[in-house]
Amino acid sequence: MRIRDILRRKGDAVATVRPEATVRQLLSVLAEHNIGAVVVSPDGASIAGIASERDVVRSLHERGAALLDRPVSDIMTAEVRSCGPADKVEDLRLAMTEHRFRHVPVVEDGRLTGIVSIGDVVKSAIDELESEREHLVDYIQRAP
Ligand code: AMP
């Protein structure tokens, strides 16, 4: 299973905010879309960083409520790990587990073309197991 198979099913929509948006605006995007992370992008195509709910919680704890009026660029992770549509889902699962993040933007020809969450990866693993199980049951039932 490849990343493009996940995107085919879930679509290529990615919520983004500009680096100068405030943390308060980031929170409203997270809440509005019911998501856990937003790609920080000046133009919707290039990636400046990623900001997740974990970044907000950690920074709020360290800096207090004044943080809400600071720019997202203050709290985002600037070194973003991305993947390509042809990458294997299995490799992404290993990278997400090893580096402990739950969101990976998909980039093709230097442009943002989707985002994969750990939930998408788990769903694809379950779907794959289920289809293997159906094939095995079918095979056993056909055996003479
Ligand atoms: P998450 O588990 O996705 O909520 O993110 C946990 C931490 O990893 C936060 O500090 C995020 O900014 C950071 N992070 C999330 N996704 C990525 C990514 N694809 N590349 C680099 N850092 C990330």
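The model shown is predicted, which means the values in this text are computed figures rather than measured ones.

Topic: the site of the ligand
Turning to step 1, where the next piece is worked out: Neighbouring residues of the ligand: 15 residues in total, closest Ser-52, Asp-55, Thr-77, Arg-102 and His-103.
Turning to step 2, where the next piece is worked out: Between the ligand and Ser-52 there is a distance of 2.8 Å, counted from an oxygen atom to a side-chain nitrogen or oxygen.
Turning to step 3, where the next piece is worked out: Taking Thr-77, its side chain carries an N or O atom lying 2.6 Å from an oxygen atom of the ligand.
Turning to step 4, where the next piece is worked out: Contact with the protein chains removes 93% of the 480 Å² of surface that the ligand exposes when unbound.
Turning to step 5, where the next piece is worked out: Every element with two or more residues in the shell around the ligand is listed here: strand E3 (49-52), helix H3 (53-63) and strand E4 (103-108).
Turning to step 6, where the next piece is worked out: Tallied by class, residues from the shell around the ligand come to five nonpolar, three polar and seven charged.

Digging into the pairing of E4
Turning to step 1, where the next piece is worked out: Pairing of E4 with strand E5 (residues 111-117) involves six bridges; the strand directions are antiparallel. Paired with Pro-105 across the bridge in E5 is Ile-115.
Turning to step 2, where the next piece is worked out: The antiparallel hairpin formed by E4 and E5 contains two residues in its connecting segment, where Asp-109 sits at a positive phi of about 50 degrees.

Thoughts on unusual backbone geometry
Turning to step 1, where the next piece is worked out: Phi is positive for Asn-34, which is not a glycine, with a value near 55 degrees.
Turning to step 2, where the next piece is worked out: You can see Asn-34 is positioned in the loop between helix H2 (23-33) and strand E2 (37-40).
Turning to step 3, where the next piece is worked out: Residue classification places Asn-34 among the exposed positions, given a relative accessible area of 71%.

Cut-offs and rules
- Residues numbered from 1 in each chain as written.
- Predicted model: local features only at pLDDT ≥ 70, side-chain atom pairs only at ≥ 80, totals over all residues.
- Heavy atoms only, no water.
- Near = heavy atom within 4 Å.
- Polar contact = N/O pair within 3.5 Å; in protein donor to acceptor, adjacent residues only side chain to side chain.
- Areas by Shrake-Rupley, 256 points an atom, 1.4 Å probe, with all protein chains shown as cover.
- Helix = DSSP H or I, 4+ residues; strand = E, 2+ residues; numbered from the N terminus.
- Nonpolar A, V, L, I, M, F, W, Y, C, P; charged D, E, K, R; others polar.
- Pairing = 2+ DSSP bridges.
- Buried < 20%, exposed > 50% of the residue type's maximum accessible area, 1.4 Å probe, protein only.

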